[in-house]
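Residue-level structural notes
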Amino acid sequence: MTPIPLKDDSDSDSDVEFEDVPIAHQTRAQNSERNRNGDISIDLPPVPVQSWNPPLYLPQQRTTPVPSGSEEETQLRGRLSTGIEKITYRKMKSDMGMDAPDTPVHLRRYEGFKDLVVDVDSLVDTIWISATPSIQTETLITLAGLVQTSLKSFPFDPQPTLTILHKLDSIFAALCTGTHPLTGAALPGVRIGHSLATETQKVRIRSLAEMTRYEVFSVLGSSRGVDGDDDDESEDEEEPWMLEATRVYEKSLMLLAEQDPGVAGEDGDL
């Protein structure tokens with residue numbers, strides 16, 4: 001009788017080397033490819049989508065507000081007014097879709113939302129640097145309103161859109177709490193917890209934040225419809241923007257959640 005060979009110890013499970021495959025990080029596309037090739041199908045979870053956080057840059061503020069009634073205040077108000085008129089003018093020309101041949105470059109219609117954001121961001125920085133409550137809150141509300149009404153006029157451009165909205169949200173929250181959004185220090189000339197916005201302005205900020213959030217979801221939904229939401233890979237790419245859209249004006253809305261929209265401040269607008 002031929003003896004049965006003993007199993008070689010070298011075939012032991014403990015000596016078998018397996019390739020280190022990061023199963024949790026395989027994509028649905030990879031799984032589909034395996035199935036088409038006739039390999040064993042394994043139901044693996046999709047790759048977690050990495051979230052995107054909008055950056056926040058704020059320049060150094062003045063240590064004291066611009067003196068009321070001074071020539072410096074007059075110049076600042078004039079510069080901000082001119083800047084807002086320029087944005088409104090260029091946005092109007094974008095809606096019309098036309099420019100005169102001799103129109104200077106800095107006054108031509110916006111080609112996309114990111115171009116409008118460049119002008120808005122420059123004014124936001126000027127307002128922030130001024131550290132002047134009598135100018136800051138009211139002008140920021142005006143600029144934020146321009147951003148909100150402009151969203152539906154252009155194809156959704158996620159990064160510049162969410163970045164400027166995050167910046168506006170952070171500054172509104174700072175003015176409502178007297179706290180610097182990056183350092184946590186008190187804003188120049190105020191105590192932490194002391195609001196630089198009137199009750200009327202808080203109501204307007206809350207309303208503006210809610211309308212803007214609605215507009216963002218609206219334009220984001222429209223862009224998904226155009227791109228084709230049946231494509232799995234496209235959905236994965238859009239997921240971070242949908243997650244970020246849920247955070248639009250998050251800080252301001254949380255702060256003002258208890259604000260009664262029917263109550264206006266007795267102090268009026270600044």
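About the cut-offs
Residues numbered from 1 in each chain as written. Predicted model: local features only at pLDDT ≥ 70, side-chain atom pairs only at ≥ 80, totals over all residues. Heavy atoms only, no water. Helix = DSSP H or I, 4+ residues; strand = E, 2+ residues; numbered from the N terminus. Buried < 20%, exposed > 50% of the residue type's maximum accessible area, 1.4 Å probe, protein only. Areas by Shrake-Rupley, 256 points an atom, 1.4 Å probe, with all protein chains shown as cover. Expected span 1.5 Å × (residues − 1). Contact = heavy atoms within 4.5 Å. Salt bridge = Lys/Arg side-chain N within 4 Å of Asp/Glu carboxyl O. pLDDT = per-residue confidence, 0-100. Patch = residues over 30% accessible without salt bridge, like charges linked within 9 Å, V, L, I, M, F, W, Y side chains within 5 Å. Phe/Tyr/Trp six-rings, centres within 6.5 Å; stacked < 30°, edge-to-face > 60°.

Quick word on the overall build of the protein chain
From N to C terminus, the protein chain includes eight helices and zero strands. Order of helices (α) and strands (β) in the protein chain, N terminus to C terminus: α-α-α-α-α-α-α-α. Burial status across the protein chain gives 39% buried among its 270 residues. In the structure as shown, the protein chain presents an accessible area of about 16100 Å², 53% of it carried by carbon and sulfur atoms.

Here's the deal with helix H3 (residues 113–130)
Given a rise of 1.5 Å per residue, 18 residues ought to cover 26 Å, and the 26 Å separating the end C-alpha atoms of H3 matches this to within 8%. Taken together, the buried residues of H3 touch helix H2 (71–96), helix H4 (133–150) and helix H5 (158–177). Following H3 by one or two positions, Ala131 adopts a phi angle in the positive range, close to 50°.

Structural notes on the side chain of His180
Following the sequence through the fold, His180 ends up in the loop between H5 and helix H6 (199–227). By relative accessible area, which is 16% here, His180 ends up buried. Excluding residues that lie within four positions of it along the chain, His180 makes contacts with Leu58, Gln61, Trp128, Ala185 and Leu187.

Details of the pattern of salt bridges
The full count for this structure, using the stated rule, is 15 salt bridges. For the salt bridge of Glu73 with Arg77, the shortest nitrogen-to-oxygen distance reads 3.4 Å. With Glu73 and Arg77 both in helix H2 and four residues apart, the pair spans about one turn of that helix. The exposure class assigned to Glu73 is buried, which follows from its relative accessible area of 10%. When salt bridges with common partners are traced through the structure, they connect Lys93, Asp99, Arg108 and Arg109 into a single cluster.

Points about the environment of Ala100
Checked against the element boundaries, Ala100 lands in the loop between H2 and H3. With a relative accessible area of 33%, Ala100 lands in the partly exposed category.

Topic: the environment of Arg79
Note that Arg79 resides in helix H2. With a relative accessible area of 48%, Arg79 lands in the partly exposed category. Remark: the alpha-carbon pair of Arg79 and Leu123, spanning 44 residues in sequence, is separated by 8.9 Å. Apart from residues no more than four positions distant in its own chain, Arg79 is found in contact with Leu123 and Thr126.

So, the confidence of the model for the protein chain
Summarising the model, the protein chain shows a mean pLDDT of 80, and 70% of its residues fall at 70 or more. Here helix H1 (residues 28–36) stands out as the least confident element of the protein chain, with mean pLDDT 48; H3 is the most confident, with 97. Within the model, pLDDT remains below 50 along residues 261–270, and this stretch shows 20 contacts once partners closer than five positions in the same chain are excluded.

What to know about a nonpolar patch on the surface
A contiguous nonpolar surface patch, about 410 Å² in accessible area, is contributed by Tyr89, Met92, Met96 and Met98. Checked against the element boundaries, Met96 lands in helix H2.

What about the packing of aromatic side chains?
In this structure the tally under the stated criterion is two aromatic pairs. Here Phe172 and Tyr249 contribute two aromatic rings whose centre-to-centre distance is 6.4 Å and whose plane-to-plane angle is 35°, an arrangement assigned as tilted. Of this pair, Phe172 sits in helix H5 while Tyr249 is found in the loop between helix H7 (232–245) and helix H8 (250–255), placing the two residues 77 residues apart along the sequence. Among the residues examined, Phe172 registers a relative accessible area of 1% and is labelled buried. For Tyr249, a relative accessible area of 1% puts it in the buried group.

A look at the environment of Ser134
Tracing the sequence through the fold places Ser134 in helix H4. Ser134 gets classed as partly exposed once you look at its relative accessible area, which sits at 31%. Sequence separation between Ser134 and Pro65 is 69 residues, and the spatial gap between their C-alpha atoms is 9.0 Å.

Things to note about H4
If you check H4, its first and last C-alpha atoms are 26 Å apart, about what 18 residues at 1.5 Å a residue would give, namely 26 Å. For H4, the buried fraction is high: 13 of the 18 residues fall into the buried class.

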